[in-house]
Amino acid sequence: MKKSEIRKLVAEYKEIKLKIKKVQNKKILEKLKEIEHRYFHETGRIIQSDFKEIT
């Protein structure tokens, strides 16, 4: 996976996290889990821990 694709995953993750704060939806939660799984599979790191390092 290219860096640009990983950046798109991260951007989509951030967007979905904002949506979850507004509305709890099973479909949105499933999409979030899918992104977390893909990120872990491609990088070997957990996406939540990477965000904690950045902020």
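So, a few notes on the structure that sits alongside this text.

As a further point, take the overall build of the chain. Counting secondary structure elements, the chain contains three helices and zero strands. Tracing the chain from N to C terminus, the helices and strands come up as α-α-α. For a compact globule of 55 residues, the expected C-alpha radius of gyration is about 10 Å, and the chain comes in at 11 Å, within 12% of that figure. Counting the 55 residues in the chain, one finds 22% classified as buried. Partitioning the contacts of the chain with sequence separation of at least 6, the portion at a separation of at least 24 is 39%. For the chain, the accessible area works out to roughly 4700 Å², and carbon and sulfur atoms hold 55% of it. Seen as two clouds, the 16 positive and the 9 negative side-chain charges of the chain have centres 4 Å apart.

The rules behind the values
Residues numbered from 1 in each chain as written. Predicted model: local features only at pLDDT ≥ 70, side-chain atom pairs only at ≥ 80, totals over all residues. Heavy atoms only, no water. Helix = DSSP H or I, 4+ residues; strand = E, 2+ residues; numbered from the N terminus. Rg over C-alpha atoms; globule rule 2.2 N^0.38 Å. Buried < 20%, exposed > 50% of the residue type's maximum accessible area, 1.4 Å probe, protein only. Contact = heavy atoms within 4.5 Å. Areas by Shrake-Rupley, 256 points an atom, 1.4 Å probe, with all protein chains shown as cover. Lys, Arg positive; Asp, Glu negative; His and termini not counted. Charge placed at Lys NZ, Arg CZ, Asp CG, Glu CD.

Function cannot be read off these values alone, since they describe shape.
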